[in-house]
Amino acid sequence: MQTPDIQLARDTDDPKRLALYGRLNEQHSAPLWAVMAQLVTPEPRPRSVAHKWDYPVMRKLLLEAGELITAKEAERRVLVLENPGIRGMSQITQSLYAGLQLILPGEVAPSHRHAAAALRLIIEGQGGYTAVSGERIPMSAGDFIVTPSWTFHDHGNLGEDPVIWLDGLDVPIVNLFDASFAEAYPSGETQQVERSAGDALARYGSNMLPIGYVPEGSSSPVFHYPYSRVKEAFRQLARGGVDDCHGIKLQYTNPTTGGYPMPTMGAFIQQLPARFNGRPYRCTDATVYCVREGQGVSTISGERIEWNVGDVFVAPSWSVTSHRTTEHAVLFSFSDRPAQKALGLWREQRLDD
Ligand code: GTQ
């Protein structure tokens with residue numbers, strides 16, 4: 001068998017040791033002591049870096065793509081957001097994929113399903129929908145939508161304007177386990193509509209459950225988390241206290257369990273009051289933010305990131321992060337927190353100013 005051309009361990013000049021390393025290499029083996037420090041690090045050493053994707057710039061490029069390729073031809077017309085520290089991997093963090101998707105009026109992105117779970121945060125446009133489990137979920141700006149693993153989903157735009165949203169998928173996690181499957185919907189481009197819009201939200205998301213309901217699977221039976229409900233909650237909560245790191249921060253839940261909407265990805269939304277000067281914080285889940293309202297500045301690992309509505313920015317694992325605002329702002333975010341918690345890996349730390 002061909003020995004791959006690998007970098008031999010170089011922790012020494014001792015010719016005897018180097019000769020041993022050569023013979024180890026021939027046996028597809030290597031000395032742990034030469035790689036231990038990179039392998040078992042005292043704290044996270046992410047290759048991904050803090051970065052912001054400017055919405056007006058990305059929006060222009062996305063609309064340009066809209067003139068060059070149809071949603072049907074592309075299957076999904078998406079600009080992948082690639083972390084500058086790990087280019088070419090289709091990853092925004094070590095464990096997550098993110099992209100900006102465009103559907104033009106009258107277009108359909110054909111139905112398919114895959115092992116990877118997806119979440120969406122609608123950025124702009126009226127009249128878009130995602131069909132999941134026989135229900136067409138209407139998309140409004142600020143809505144959070146989940147597409148659990150292995151559920152058929154197609155997207156469409158019945159309105160008159162471009163519809164743009166942020167996609168988050170757990171593709172790198174699925175591929176870490178070499179557990180990827182995917183297939184097209186067997187009959188036609190769009191799935192059969194079997195339930196009226198709002199059915200799942202009424203059934204499972206109204207502080208009640210159908211009598212005799214038994215949870216099935218590990219994902220939320222609610223696929224749609226309308227922004228109008230988030231706003232209502234924030235209006236009420238603004239009368240109370242504000243966390244000194246996070247402002248008023250809520251996590252989206254599976255209402256039947258109180259857990260995360262999906263086993264691999266968690267999503268959050270936080271309201272930061274005007275003139276908020278947040279205390280620094282870090283956690284082991286690298287976090288992707290999308291600005292929903294307002295503007296502000298986040299400092300991530302000492303780097304200043306100024307943000308406005310629609311911008312997407314990412315904080316790597318364990319990077320010290322703080323948020324500041326001049327005006328009222330709302331940040332959506334998602335991460336692999338449920339996966340880390342399930343594996344007993346998640347840590348967080350509040351730091352002093
Ligand atoms: O909407 O199904 O950004 O399958 C990447 C892969 C979106 C989707 C993406 C996908 C989708």
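Residues numbered from 1 in each chain as written. Predicted model: local features only at pLDDT ≥ 70, side-chain atom pairs only at ≥ 80, totals over all residues. Heavy atoms only, no water.

**Considering helix α1 (residues 15-26)**
In this model, α1 (12 residues) spans 17 Å end to end at C-alpha, consistent with the 16 Å of a helix rising 1.5 Å per residue. Buried within α1 are the following residues: Tyr21, Gly22 and Asn25. Down the axis of α1, the sector holding all buried residues measures 100 degrees, keeping them to one side. Among the exposed residues of α1, those oriented more than 90 degrees off its buried face are Lys16, Arg23 and Glu26. If you follow the buried residues of α1, they end up packed against α2 (32-39). If you check the start of α1, you find a side-chain oxygen 2.9 Å away from the backbone N of Lys16, and it comes from Asp14. Once α1 ends, the next one or two residues include His28, with phi positive near 55 degrees. (Helix = DSSP H or I, 4+ residues; strand = E, 2+ residues; numbered from the N terminus. Expected span 1.5 Å × (residues − 1). Buried < 20%, exposed > 50% of the residue type's maximum accessible area, 1.4 Å probe, protein only. Arc of directions from axis to C-beta. Contact = heavy atoms within 4.5 Å. Polar contact = N/O pair within 3.5 Å; in protein donor to acceptor, adjacent residues only side chain to side chain.)

**Here we look at the site of the ligand**
Contacts to the ligand come from Arg76, Val78, Tyr97, Gln101, His112, His114, Arg120, His153, His155, Asp167 and Leu169. Within the side chain of Tyr97, a nitrogen or oxygen atom sits 2.7 Å from an oxygen atom of the ligand. In the model, an oxygen atom of the ligand is placed 2.8 Å from a nitrogen or oxygen of the His155 side chain. Listing elements by their share of the shell around the ligand, those giving two or more residues are β3 (97-103), β4 (108-114), β9 (153-157) and β10 (163-169). Tallied by class, the residues present in the shell around the ligand amount to 3 nonpolar, 5 polar and 3 charged. (Near = heavy atom within 4 Å. Nonpolar A, V, L, I, M, F, W, Y, C, P; charged D, E, K, R; others polar.)

**A word on the pairing of strand β20 (residues 321-325)**
Along β20, 4 of the 5 residues are buried, which leaves the element largely enclosed by surrounding structure. Across 5 bridges, the pairing between strand β17 (residues 296-300) and β20 is antiparallel. When the sheet's bridge partners are listed, Ser298 is paired in β20 with His323. (Pairing = 2+ DSSP bridges.)

**What about the packing of aromatic side chains?**
Within this structure, the stated rule accounts for 11 aromatic pairs. Here Tyr21 and Trp33 contribute two aromatic rings whose centre-to-centre distance is 6.2 Å and whose plane-to-plane angle is 50 degrees, an arrangement assigned as tilted. Of this pair, Tyr21 sits in helix α1 while Trp33 sits in helix α2; the two residues are 12 residues apart in sequence, bridging distant segments of the chain. On the basis of relative accessibility, which here comes to 1%, the residue Tyr21 falls in the buried class. Residue Trp33 is classed as exposed on the basis of its relative accessible area, which comes to 53%. Residue placement shows Lys249 over the ring face of Phe268; its charged tip is 5.2 Å from the ring centre. When the ring centre of Trp346 is taken as reference, the NZ or CZ atom of Lys341 above it lies at 4.7 Å. (Phe/Tyr/Trp six-rings, centres within 6.5 Å; stacked < 30°, edge-to-face > 60°. Lys NZ or Arg CZ within 6 Å of the ring centre and 35° of its normal.)

**With respect to the nonpolar core**
Counting 51 residues, the largest nonpolar core has Leu81, Ile92, Leu166, Val312, Phe332 and Phe334 as the members making the most contacts within it. For Ile92, the contacting residues outside a window of four places in its chain are Ser48, Trp53, Leu81, Asn83, Tyr97, Ala98, Val288, Val312 and Val314. In terms of nonpolar packing, the next biggest core, distinct from the first, is built from 12 residues, Val291, Trp307, Phe313 and Ala329 among them. (Core = buried A, V, L, I, M, F, W, Y, C linked by side-chain atoms within 4.5 Å.)

**Digging into a nonpolar patch on the surface**
Together, Leu32, Val35, Met36, Leu39 and Val40 give the surface a local cluster of nonpolar side chains, amounting to about 450 Å² of exposed area. If you trace the backbone, Leu32 turns up in helix α2. For Leu32, a relative accessible area of 43% corresponds to the partly exposed category. (Patch = residues over 30% accessible without salt bridge, like charges linked within 9 Å, V, L, I, M, F, W, Y side chains within 5 Å. Areas by Shrake-Rupley, 256 points an atom, 1.4 Å probe, with all protein chains shown as cover. Salt bridge = Lys/Arg side-chain N within 4 Å of Asp/Glu carboxyl O.)

**Some points on the environment of Leu121**
Topologically, Leu121 is positioned in strand β5 (residues 118-124). On the basis of relative accessibility, which here comes to 1%, the residue Leu121 falls in the buried class. Put simply, Leu121 and Val146 are 25 residues apart on the chain and 9.1 Å apart in space, counted from C-alpha to C-alpha. Here Leu121 is in contact with Gly142, Asp143, Trp165, Leu166, Cys290 and Phe332, once residues within four sequence places are set aside.

**Brief notes about the sheet that holds strand β7 (residues 135-139)**
As summarised here, the arrangement of the 5 strands in space is β7-β6-β9-β4-β11, forming an open sheet in which the pairing is antiparallel. At either end of the open sheet lies a strand with only one pairing partner, and these are β7 and β11 (182-184). Recorded for the sheet is a direction-independent mean angle of 25 degrees between the axes of neighbouring strands. Direction of pairing for strand β6 (residues 128-132) relative to β9: antiparallel, over a ladder of 5 bridges. Bridged to Val132 within β9 is His153. (Axes fitted to C-alpha atoms, helices over the stretch in contact; angles between N-to-C directions.)

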